[in-house]
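What the coordinates show
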Amino acid sequence: MMTPDRTRKAAGTGGATLLALWPLALGMVLFALAPAVLNQGLVFLAGLVLVNIVFAQAWNLLFAYAGLLSFGQAMFFAVGAYTMAAGPQQLGGGPFLGWLLIATLLGALAAIIFGLVALRRSGGIYFAVLTLAFAELVHVIITKTDWLGRNDGLVGITRPVIDLGVITIDLTRGDAYYYAMILGCGLASAALWWAGHGVLGRSFRAIRQDPVRAAFLGLDVDRHRLIAFAISGAASAFAGAMFAPWTQIVTPELAHWSQSTRPVLYALLGGAGSFWGPAVGAILFGAVEYATRTMHGIADITTGLMLLAVVLAIPGGVMGLVMKLRGRAAARSTATPSPASGRPQEQTP
Amino acid sequence: MTRSNDGYRFSRRTLLKSTAAAAALAPLGRLWIPGARAADNPITLGLVTPLSGAQEMLGSFVRHGAEIAIEKINADGGVNGRPLALEMRDSKANPAAATVAARELLGQGVNLQLGAISSPVALAMGPLMQAAGGVVLTCGAGTEKLNHEDYNPHVFRIGDSPYSRQYGLIRMIAERYPNITSWGGIIPDHEYGRTTWAIFVDAMLTVFPQVTGKQPEISRPILIPYGSGDYKNFIAAAMRQPFEGLYTSAYGGDAVTLYQQARPFGLFDKTKVLVDSANEFLVPLAMKDQSPDTWTGTHWYFKANQGNPMSDHLYNAYVERTGNHYPMGWAAEAHAAVYAYKAAIEKTGGDTKAAAIIAALKGLTFDTATGKRTLRAEDNQAVKNAEAMRIQPKAGSADGFEVTDYISVPGDSVVEPPRPGEKLELKTL
């Protein structure tokens, strides 16, 4: 877990905020280098990882910051992806940035509608089960809706040409859309960081640690949880909206429960206690999936076993291990006690 | 021991971490694959098909068929002196996963691909292959859109079109069961299911009166969900319908579940003729002597092609590899796809670029396990025989069933005229 002192310092001034975002800047630069050194197939996979990073961070804003466990995050991702796919196809085009905004807002709207129903009625594991049920409902609705392509999904989603009046940006050519994804996902990640580390984020954490005390201190617990849910839903839908033109196909599997487990797995692998942990997890998970892609029939089992090994050996995920090692190093040099490792169990409400 | 307990645990974890990192990094040596991979000695074909999950069984036929063809071609000296190699990827029967795998292969320079046995996967491949300079030969995708409104020059259907499959089946129905005039259907609610039903009804209304002089009555189809484990309510609905002949295009594991659940309801006692569009031996292999008496459409029935050396070799090699005496038609389609690439590469003189291969495949006539077939230049659709077989349960036999009859209808007599870019005109769709 990031210590309160460091987050307060990081969020305190503009310069410090920028400084705290160095992993994001480094990540964006490394992703931007990919087309120069990797083949096209790997660049495509890198694009999927970019989307997964935002998806995982959006989930983790709920889990590690607001203390809400969502097993149905895929519904928001699907809302974004299907809006981007079906919107322009059914309504005869429209500006890409407009659809991106609509997709993001629809993700927030879906989260608010669901949150209004679920957050007031339940908490903890009951809430988690409700998210799962609601996502399954979205999945079934997609498979029954003609203009969403039913079970077959929608294909032939085109990549956009953005007309800004003075200049036109053609994202259909070469790696242009990939760079747009780096920019879009980078901005989304920065927005999530801001949401998690500003006043709002501190309120979320206060509620997670002790909702009764937070309410006593004057925080509207339900409203803050709803806001966290809306932000997370919007960011997940944004990730889905960036995903659709990249793969050029959307299918109902996007809303399937197995898709909802992905951000959970990324966070477990990378470490839910750190803001960058789920991003590290998404990258590592992508690498493991790539490495096991020819192990036909046993790829999923292998991935699962590796994940199990990581969770058992390093319960705080990769970033938890990094923090622990840093803590030890600091303890050795200053002979002061090390800070706590970011164990996901500590994050539960 | 002087080392602290904490320190010992730390070093063990370091070891764990290092081992995991080494395992993860081991395959990374293959990350930087130059685009000029195709210029290496072997010509690599990419195979994207379900190798896990519910459709794995169908995918395994595709895989064996392709591997048997490649082994034989290489044993006979390769293609223009170069051996063929196969890069396989699991589509997980999920269109998005299939396109990811296909793109990854394209990124490695593997631009000649085959597989794609499901309709949404095949439809998704067109724009993808066009953008990246690839070609794909589908080995069983049943949607009519492939060679009609969603025709794409980069996608070829190596197997029969859904139109020729249904027209072949209905010619058989009209000739063998002219008195069964009342028909119903249990249809999976997806692309393939809706397509096959629409063509079935169309063919029934066209061919049946022509052959028998009688007008068939067709009930509303019962649409069943895809991948569901419970079809009992749908079977109960079917029991209330007045049909004597039943047509179904439930597919793979869904079909086995449907048939198993339908038996106690007495659906097969009520049904005088059961016609299954595509499951071949899937249901009888699962249900043995409990399987219903069924006519099933097939891509390739080995006994119908006995004496054809390619068919005999495919059958013998398959049985030798797997011990299974009932290879199914998907194997023959993948086998044919590899031979199509061989013929096309020989035609181009070794050029494997998409444009050259597409030009070579268009109008290509080549030998396959079902005899000569031609890839129509206009719409990339193969013209091949429409085959079907009757499988009856046989208690006491080793397999619990036997094939008691089969047909093979010449492809050019049942295939629709080429109309790429235009919707298939049907009375009922």
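Residues numbered from 1 in each chain as written. Chains lettered and ligands numbered in written order. Predicted model: local features only at pLDDT ≥ 70, side-chain atom pairs only at ≥ 80, totals over all residues. Heavy atoms only, no water.

As named in an unreviewed UniProt entry, chain B is ABC transporter substrate-binding protein, taken from Tistrella bauzanensis. Heading Sequence similarities (unreviewed entry) of the UniProt record for chain B holds this comment: "Belongs to the leucine-binding protein family." (UniProt positions renumbered as here; feature names shortened; annotations may be inferred.)

By the naming in an unreviewed UniProt entry, chain A goes by Branched-chain amino acid ABC transporter permease and is assigned to Tistrella bauzanensis. In its Subcellular location (unreviewed entry) section, the UniProt entry covering chain A states "Cell membrane".

Here we take up the environment of A:Val51. One can find A:Val51 in helix H4 (residues 40-65). In contact with A:Val51, not counting residues within four places along its chain, are A:Phe77, A:Met181, A:Cys185, A:Ala239, A:Met242 and A:Phe243. (Helix = DSSP H or I, 4+ residues; strand = E, 2+ residues; numbered from the N terminus. Contact = heavy atoms within 4.5 Å.)

Positive phi outside glycine occurs at A:Arg150, with the angle close to 45°. Checked against the element boundaries, A:Arg150 lands in the loop between helix H7 (124-144) and strand E1 (154-155).

Quick look at the sheet that holds strand E13 (residues 371-375) of chain B now. Residues and elements named next belong to chain B. The 3 strands are arranged E12-E13-E14 in an open sheet whose pairing can be described as antiparallel. Two strands in the sheet have a free side with no partner beyond their single neighbour: strand E12 (365-368) and strand E14 (382-383). Of the pairings in the sheet, the one linking E12 to E13 comprises 4 bridges and is antiparallel in character. By the bridge assignment for E13, threonine 368 is matched with glycine 371. (Pairing = 2+ DSSP bridges.)

Before going further, it helps to spend a moment on the packing of helix H5 (residues 162-176) of chain B against helix H6 (residues 191-212) of chain B. Packed helix pairs are characterised by how far apart their axes lie and by the angle those axes make with each other. Residue and element names in this part refer to chain B. Contact geometry of H5 with H6 gives a least axis separation of 8 Å together with a crossing angle of 40°. The orientation of H5 relative to H6 falls into the category oblique. Judged by the twist between their axes, the crossing of H5 over H6 is right-handed. Contacts between H5 and H6 involve Pro162, Tyr163, Gln166, Tyr167, Ile170, Arg171, Ile173, Ala174 and Glu175 on the former and, on the latter, Thr195, Thr196, Ile199, Phe200, Asp202, Ala203, Met204, Thr206, Val207, Phe208, Val211 and Thr212. Considering only residue class, the contact of H5 with H6 consists of 13 nonpolar, 5 polar and 3 charged. (Axes fitted to C-alpha atoms, helices over the stretch in contact; angles between N-to-C directions. Parallel < 35°, antiparallel > 145°, perpendicular 65-115°, else oblique. Left-handed = near helix turned anticlockwise from the far one by under 90°. Nonpolar A, V, L, I, M, F, W, Y, C, P; charged D, E, K, R; others polar.)

Following the UniProt record, one finds the feature "transmembrane region" (unreviewed entry) at residues 37-55, 62-84, 96-117, 124-142, 176-195, 226-244, 264-285 and 297-318 of chain A. Counted over residues 62-84 of chain A, helix gives 65% and strand 0%. Its end C-alpha atoms are 24 Å apart.

Our focus in this paragraph is the nonpolar core. Residues and elements named next belong to chain A. If you look at the biggest cluster of nonpolar residues, it comprises 90 residues, and the most contacted ones within it are Phe31, Tyr178, Phe229, Met242 and Val250. Ranked by residues supplied to this core, first place goes to H4 with 18 residues. Residue contacts for phenylalanine 31: discarding those within four places in its chain leaves Ala46, Val49, Leu50, Ile53, Tyr178, Ile182 and Ile283. (Core = buried A, V, L, I, M, F, W, Y, C linked by side-chain atoms within 4.5 Å. Buried < 20%, exposed > 50% of the residue type's maximum accessible area, 1.4 Å probe, protein only.)

All right, on to the interface of chain B and chain A then. Contacts between the two partners involve 34 residues from chain B, matched on the other side by 33 residues from chain A. Carbon and sulfur atoms make up 58% of the area that chain B and chain A hide from each other, which totals about 3,100 Å². Put simply, chain B and chain A have 2 salt bridges between them. Across the pair B:Glu104 and A:Arg293 runs a salt bridge, and its minimum N-O distance is 3.1 Å. There are 6 residue pairs in polar contact (both at pLDDT 80 or more) connecting chain B and chain A. Broken down by secondary-structure element, the contributors of at least two residues to the side of chain B that touches chain A are helix H1 (5-25), strand E2 (84-90), helix H3 (95-107), helix H4 (119-132) and H6 of chain B. No other element matches the 7 residues that H3(B) contributes to the side of chain B that touches chain A. Residues belonging to the side of chain B that touches chain A are distributed by class as follows: 16 nonpolar, 6 polar and 12 charged. (Buried area = accessible area lost by both parts, 1.4 Å probe. Salt bridge = Lys/Arg side-chain N within 4 Å of Asp/Glu carboxyl O. Polar contact = N/O pair within 3.5 Å; in protein donor to acceptor, adjacent residues only side chain to side chain.)

This part is about the side chain of B:Thr195. Turning to its location among the elements, B:Thr195 is positioned in helix H6. Of the polar contacts made by the side chain of B:Thr195, one reaches the side chain of B:Glu144; its length is 2.9 Å.

Residues and elements named next belong to chain B. When the terminal C-alpha atoms of H6 are compared, their 31 Å separation across 22 residues agrees well with the 32 Å that a helix rising 1.5 Å per residue should span. Considering bend angle alone, the principal kink of H6 is centred on methionine 204 and spans about 30°. Burial analysis of H6 places 17 of its 22 residues in the buried class, the great majority of the element. Phi turns positive, to about 75°, at glycine 213, one or two residues after H6. (Expected span 1.5 Å × (residues − 1). Bend = angle between axes of the 7 residues up to and from the residue.)

Scored by pLDDT, chain A comes out at a mean of 86, with 90% of its residues at no less than 70. In the model, residues 338-349 of chain A has pLDDT below 50 throughout and makes 28 contacts with residues more than four positions away in sequence or in other chains. (pLDDT = per-residue confidence, 0-100.)

As a further point, take the packing of aromatic side chains. According to the stated counting rule, one finds 33 aromatic pairs over all chains in the structure shown. Between the aromatic rings of A:Trp59 and A:Phe63, the centroid separation amounts to 4.9 Å while the plane-to-plane angle is 20°, which identifies the pairing as stacked. Note that A:Trp59 and A:Phe63 are positioned in helix H4 at a spacing of 4 residues, about one turn of the helix. Each of the two residues, A:Trp59 as well as A:Phe63, counts as buried. Grouping aromatic residues by their ring pairs yields a cluster made of B:Phe281, B:Trp300, B:Tyr301, B:Phe302, B:Tyr315, B:Tyr326, B:Phe401 and B:Tyr406. The ring of A:Tyr290 has A:Arg293 lying over it, and the distance from NZ or CZ to the ring centre is 3.9 Å. B:Lys270 extends its terminal NZ or CZ atom over the ring of B:Phe243, reaching a point 4.7 Å from the ring centre. (Phe/Tyr/Trp six-rings, centres within 6.5 Å; stacked < 30°, edge-to-face > 60°. Lys NZ or Arg CZ within 6 Å of the ring centre and 35° of its normal.)

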